[in-house]
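Understanding the architecture of this molecule
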Amino acid sequence: RVLALNGGFPLPRHLVFVDTPVEVSQQRLRSRGPGELFDAAALQRRVREHYERALGLFGGSGMQVHRVDGTRPRGEIARDICACLGLPVPILGA
């Protein structure tokens, strides 16, 4: 259904998927305080499954799909994203 709604629009050149297991996401969420509606582990698992299926649909589309390891510290994740996109690495925490 989402593909049909967006069918008339061009794909981006790059798609960056920050691949973070649900268990890691749950640990990070607990450290932030009270949860929100979309924070439930069961819902996050379903959303992750949908993303995995969706990413598989873009093979051969010309769009570059980059999978970044989301289990690492945010500075390393930011550096990886910049490298995927050919951007300069920001100075984090400045």
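Up top is the structure these notes are about.
Keep in mind that what you see is a predicted model, and the values were worked out from it rather than measured.

The rules behind these values
- Residues numbered from 1 in each chain as written.
- Predicted model: local features only at pLDDT ≥ 70, side-chain atom pairs only at ≥ 80, totals over all residues.
- Heavy atoms only, no water.
- Helix = DSSP H or I, 4+ residues; strand = E, 2+ residues; numbered from the N terminus.
- Buried < 20%, exposed > 50% of the residue type's maximum accessible area, 1.4 Å probe, protein only.
- Contact = heavy atoms within 4.5 Å.
- 1 Å grid on protein atoms, 1.4 Å probe; cavity = no way out; pocket = protein on both sides within 12 Å on 5 of 7 lines; lining within 4 Å.
- Points joined across faces, edges and corners; volume = space filled by probe spheres on them.
- Nonpolar A, V, L, I, M, F, W, Y, C, P; charged D, E, K, R; others polar.
- Axes fitted to C-alpha atoms, helices over the stretch in contact; angles between N-to-C directions.
- Parallel < 35°, antiparallel > 145°, perpendicular 65-115°, else oblique.
- Left-handed = near helix turned anticlockwise from the far one by under 90°.

**Observations regarding the side chain of Gln-44**
- Relative to the elements of secondary structure, Gln-44 occurs in helix α3 (residues 41–56).
- You can call Gln-44 buried: its relative accessible area is 17%.
- Look past the residues within four positions of Gln-44 in its chain and what remains in contact with it is Val-22, Ser-25, Gln-26, Leu-29, Phe-38 and Asp-39.

**Some words on the layout of surface pockets**
- The space that makes up the largest pocket amounts to roughly 510 Å³.
- Around the largest pocket, the lining comprises 20 residues; the ones closest to its centre are Val-2, Leu-3, Asn-6, Ala-54 and Phe-58.
- Broken down by secondary-structure element, the contributors of at least two residues to the lining of the largest pocket are α1 (2–6), β1 (14–19) and α3.
- No other element matches α3, which puts 4 residues into the lining of the largest pocket.
- Its boundaries defined by the atoms lining it, the second largest pocket holds a volume of some 350 Å³.
- As for the second largest pocket, its lining consists of Phe-17, Val-18, Thr-20, Val-22, Ser-25, Arg-28, Leu-29, Arg-32, Gln-44, Val-47, Arg-48 and Tyr-51.
- Of all the secondary-structure elements, those providing two or more residues to the lining of the second largest pocket are β1, α2 (22–30) and α3.
- Among the residues making up the lining of the second largest pocket, the classes are represented as 6 nonpolar, 3 polar and 3 charged.

**Quick word on the side chain of Ser-25**
- Of note, Ser-25 is situated in helix α2.
- If we skip the residues at most four places from it in the chain, Ser-25 touches Thr-20 and Gln-44.

**Details of the packing of α2 against α3**
- Between α2 and α3, whose axes approach to 10 Å, the crossing angle comes to 135°. As judged from the angle between their axes, α2 and α3 are oblique. Note on packing geometry: the crossing formed by α2 with α3 is right-handed. Side by side, α2 and α3 meet where Val-22, Glu-23, Ser-25, Gln-26 and Leu-29 of the first sit next to Ala-41, Gln-44, Arg-45 and Arg-48 of the second.
- Partitioning the contact of α2 with α3 into residue classes produces 3 nonpolar, 3 polar and 3 charged.

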